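As a plain string of letters, each chain reads:
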Amino acid sequence: MNPFAICALLLLKVALGDACASGRFTESGQCCSVCLAGFGVEEECGKQDTKCTRCPKGTFSPSEGLSPCLPCARCPHSIPELESCSATKDTHCDCGNGFYLLRTHSLCTPCSLCGRGEGVIRLCGRHGDTQCQECGPGNFSEEQSATKPCQVCLQCSESEVEIRGCQPMFDTLCMDKKLHILSRPSGSDGPHEAPHRPGVDVEEVSPAPGTPKFPPQDEGGSSNIPAYVSVLAAVVLGLLLYVAYKCWNSCKQKKALSKARAAELAASPEGEKLQSDSGVFLDSHSLQDGQPSKGAKRDSKLDNRLYINLAPHRQEEVENLLQEGGGRGWKALGAALGYESEQLDLFGRGEAPSHTLLSHWAQKEGATLGLLSSALSRIDRSDVVTALTCSAQGVSVV
């Protein structure tokens, strides 16, 4: 092509750049057309203009642009579908508050939180995860949130003085100008006069201009302040040490009781037989009587009960134990239940990952207490198994 023609074409593109919606041009200098919502690009713009086609069933295009149709998402198992996929809208699944549908995995995932110094510009929901943006000048955000945008900085009034400017993570800090810390308190008549001796002339000395005037100190009261502070600090420290000792002693007693109960029941042949059959042990009092208790008859079918039917307070207790488990917590349980590390990382982005993991697992077929107890045993969490299956009729799980 002629160099002059190329230059003219470039000038034409620059001149028409604002008027061309797509921002792209054909080789002949024509503005490339964009595909409307519900249509996708069949042939990209190049020698000829863009060629669009209507999105077939199972695909959609939410807005106009130069992209092909996207495949419709599928709701996870047991998650109800609120709205079917159309040519202009994706599938809408009822993931619940605080969750959104991750299209690539067909999984309801916890919404992300915007950090300090960031504000929400798009709420988490059917359109995807939370979108955050750094707070610009004159705005701030002091907490993590999934709903709050950046807040407008405070402006100090005429009666206040600014002692710290507004920053992305902190609001403006103002102080009242009337707080004269070094000024003489009201009611003071001036400096104390020195005693006058007969025959001695005393010159009155006035303070130099600009010298701050300090109020007279009460020697008796100020001397007692360090003693009061020391006593208060000693009392607080003693209370903290007492609470720490009680917590440590309680944990030690619980561990000793658990080990003693495990040793007692493991030595019993009846306990070993019950463990191999159903994964539960009878309490030592029931074994000494030689008769199956009512709790044993009821818990013999414990393996087939679904976790989703477990009492809410029992589920909450199990989730709290897994949340504080460290290396043998909810992530180790998720791996034992067959979850991949990528899915576990997604669960960990929420505020209660153990609740998210067990709620998602409970929706699967065959999510029984027996299967969960087996997985907990493999990660050496007998304390969670105890909390999962214990009851008030004398049945204990070790």
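Overview of the structure.

Criteria and cut-off values
- Residues numbered from 1 in each chain as written.
- Predicted model: local features only at pLDDT ≥ 70, side-chain atom pairs only at ≥ 80, totals over all residues.
- Heavy atoms only, no water.
- Core = buried A, V, L, I, M, F, W, Y, C linked by side-chain atoms within 4.5 Å.
- Buried < 20%, exposed > 50% of the residue type's maximum accessible area, 1.4 Å probe, protein only.
- Helix = DSSP H or I, 4+ residues; strand = E, 2+ residues; numbered from the N terminus.
- Contact = heavy atoms within 4.5 Å.
- Axes fitted to C-alpha atoms, helices over the stretch in contact; angles between N-to-C directions.
- Parallel < 35°, antiparallel > 145°, perpendicular 65-115°, else oblique.
- Left-handed = near helix turned anticlockwise from the far one by under 90°.
- Nonpolar A, V, L, I, M, F, W, Y, C, P; charged D, E, K, R; others polar.

### Digging into the nonpolar core
- Of all hydrophobic cores here, the largest spans 29 residues; its most connected members are Tyr-307, Leu-322, Leu-333, Leu-372, Leu-376 and Leu-388.
- Only β7 (99–102), α6 (312–323), α7 (330–336), α8 (341–347), α9 (353–362), α10 (369–378) and α11 (382–389) provide two or more residues apiece to this core.
- If sequence neighbours within four positions are ignored, Leu-322 has contacts with Gly-329, Trp-330, Leu-333, Ser-354, Leu-358, Leu-376, Arg-381 and Val-384.
- Residues Ile-79, Cys-93, Cys-95 and Cys-108 belong to the second largest nonpolar core, which totals six residues.

### Comments concerning the packing of α10 against α11
- As a packed pair, α10 and α11 sit with axes 8 Å apart at the nearest point and diverge in direction by 160 degrees. The pairing of α10 with α11 is recorded here as roughly antiparallel in orientation. Where α10 crosses over α11, the handedness of that crossing is left-handed. Where α10 approaches α11, its residues Leu-369, Leu-372, Ser-373, Leu-376 and Ser-377 are matched on the opposing element by Val-384, Val-385, Leu-388 and Thr-389.
- Residues that form the contact of α10 with α11 fall into these classes: six nonpolar, three polar and no charged.

### Section: the environment of Pro-68
- Within the secondary structure, Pro-68 sits in the loop between β3 (59–60) and β4 (70–71).
- Given the relative accessible area of 49%, Pro-68 is considered partly exposed.
- Discounting residues that sit within four places of it in the chain, Pro-68 has contacts with Gly-40 and Val-41.

### Describing α10
- When α10 is considered as a whole, its buried residues turn out to be Leu-369, Gly-370, Leu-372, Ser-373, Ala-375 and Leu-376.
- On its buried side, α10 packs onto α6, α7, α9 and α11.
- Positioned one or two residues after α10, Asp-380 has a phi angle of 60 degrees, which is positive.

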